[in-house]
Each structure stands twice: as C-alpha cells, then as structure tokens.
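Topology and contacts: notes
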Amino acid sequence: MSRLVGSTILALLLMLTVGGVAEAACTDPPGPGVDWRRCNFDRVDLERIDLSGGHLDDSSFVRAKLAGSIFNGVQGGRARFLGADLTGAQFEGARLKFADFSQADLQGASFVGADMVDARMVSANLRGADLTGARVRDVDFYRADLSGATWIDGDRICAEGSITFCR
C-alpha cells in the first residue's frame, strides 16, 4: 500500500514539475537560446531582441513589432509572423519550415542560409531582403514584393516590380 502511495506522489510531483516548466517558458525574458515553443506574443513590442538559437516552434507573433531583432539559428517551424514588423530582422541559418510570414514587413531582412521549405510569404514585403543560400522549395511568395531582394544564388538582385517571382 505504501508503495502505491509513494508512486502516486512521485507521479504527481513529476506532472507538476513538467507542467510548470512548460508554462514558465512563455514568461521567460527574451534572450539567446530561449524556449518559447507554443507561446503567444501577438501584438507585442519586442524590437531589437536577440533570440539566436532559440526554440520558437508553433509560436505566434501576429502583428508583433520585431524590427531589428535577431533570430539566427532559431528553430521556428510553424511559427506565425502574420503582419509582423520584421524590418531588418536576421534569420540567418534559421529553420523556418511551414512558418507563416504572410503580410509581414521584411524589408532588409536576412534569410541567409535559412531553411524556409513550405513557408508562406503571401503579400509579404521582402524589398531589399537577402535570401542568399536559403532553401525556398515550395515557399508561397504569392503577391510578395521581392523588389531589390538578393535571390538564393547570391548574385541575382530581383528587379523593381518583382511581385510573386524574382525577375
């Protein structure tokens, strides 16, 4: 009987500990390596923060202010940045599979070496962005403004008026 009680108490303590860690991550301050998986930062002002190497899978930053922020090397699969201000943001070497940047302002952003397979960039402003070495297989650039963007080969600059396709 005491073994059963001890096992039950241990199981409850383990559940509380694991649950507490998952909830606490979203309240952790921004910084390199932060674990913000499945967190919601919609409409939050987080300009010029450094989240390098962080975990942002399934997180939401809808209409957030993230201009000048650093996301180098982040794990951001299925992250949502719809309508976010990401001007001058850095996503170098980031893993952004299935991320959604629809209607985001990404002017001057850097996606050098980023894995963006199956990402959505619908109606995004990518003027002057750098996509050198980025993996863009099946990325949806429908109505995205690519004017002045450096294309994945690192040599071609998209012509003024490049909408949906780099011309």
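Below is a summary of the structure that appears in this document. For clarity, every value in this text was computed on a predicted model and none was experimentally measured.

Quick word on the overall build of the chain
Per the secondary structure count, the chain includes one helix and zero strands. The buried share of the chain, reckoned over its 167 residues, is 40%. Of the roughly 8,600 Å² of accessible surface on the chain, 54% is carried by carbon and sulfur atoms.

Considerations on the environment of Trp36
Among the secondary structure elements, Trp36 is positioned in the segment after α1 (2–25). Take Trp36: its relative accessible area is 1%, and that puts it in the buried class. For the pair formed by Trp36 and Asp57, sequence separation is 21 residues and the distance between their alpha carbons is 7.6 Å. Among the polar contacts made by the side chain of Trp36, one reaches the main-chain carbonyl oxygen of Ala25 at a distance of 3.2 Å. Within the local environment of Trp36, its side chain forms a polar contact with the backbone oxygen of Asp28, the two atoms lying 3.2 Å apart.

Considerations on unusual backbone geometry
Within the chain, Arg38 stands out as a residue other than glycine whose phi angle is a positive 60°. Take Arg38: it is sitting in the segment after α1. Of note in the backbone geometry, Arg48 takes a positive phi value of approximately 55° without being a glycine. By the secondary structure assignment, Arg48 is in the segment after α1. Using a relative accessible area of 62% as the deciding quantity, one classes Arg48 as exposed.

Some points on the nonpolar core
Counting residues in hydrophobic clusters, the biggest one holds 45 residues, and the most contacted among them are Leu86, Phe91, Phe101, Leu106, Phe111 and Met116. Aside from chain neighbours lying at most four places away, what touches Met116 is Leu96, Phe111, Met121, Leu131, Ala134, Arg135, Val136 and Val139.

Re the side chain of Ser60
Following the sequence through the fold, Ser60 ends up in the segment after α1. If we skip the residues at most four places from it in the chain, Ser60 touches Cys39, Asn40, Phe41, Asp42 and Arg80.

Quick word on the state of the cysteines
In total, this model carries two disulfides according to the counting rule given. Across a sulfur-sulfur distance of 2.0 Å, Cys26 and Cys39 are joined as a disulfide pair. The S-S bond linking Cys26 to Cys39 shows a torsion near -90°; that makes this disulfide left-handed. Remark: Cys39 occurs in the segment after α1 and Cys26 occurs in the segment after α1; sequence separation between them is 13 residues. Judged by its relative accessible area of 2%, Cys39 is buried. Between the sulfur atoms of Cys158 and its disulfide mate Cys166 the distance is 2.0 Å. Disulfide Cys158-Cys166: the torsion about the S-S bond is -115°, which places it as left-handed. Across the pair, exposure class does not vary: Cys158 and Cys166 are buried alike.

Some remarks on the pattern of salt bridges
Under the definition given, this model contains nine salt bridges. Note that Asp115 and Lys97 form a salt bridge whose closest N and O atoms lie 3.8 Å from each other. Of the two residues, Asp115 sits in the segment after α1 while Lys97 sits in the segment after α1, which places them 18 residues apart along the sequence. Taking the shortest distance from any N to any O, the salt bridge between Asp140 and Arg120 comes out at 3.6 Å. Of this pair, Asp140 sits in the segment after α1 while Arg120 sits in the segment after α1; the two residues are 20 residues apart in sequence, bridging distant segments of the chain. Judged by relative accessible area, which is 37%, Arg120 ranks as partly exposed.

Definitions and cut-offs
Residues numbered from 1 in each chain as written. Predicted model: local features only at pLDDT ≥ 70, side-chain atom pairs only at ≥ 80, totals over all residues. Heavy atoms only, no water. Helix = DSSP H or I, 4+ residues; strand = E, 2+ residues; numbered from the N terminus. Buried < 20%, exposed > 50% of the residue type's maximum accessible area, 1.4 Å probe, protein only. Areas by Shrake-Rupley, 256 points an atom, 1.4 Å probe, with all protein chains shown as cover. Polar contact = N/O pair within 3.5 Å; in protein donor to acceptor, adjacent residues only side chain to side chain. Core = buried A, V, L, I, M, F, W, Y, C linked by side-chain atoms within 4.5 Å. Contact = heavy atoms within 4.5 Å. Disulfide = S-S within 2.5 Å. Salt bridge = Lys/Arg side-chain N within 4 Å of Asp/Glu carboxyl O.

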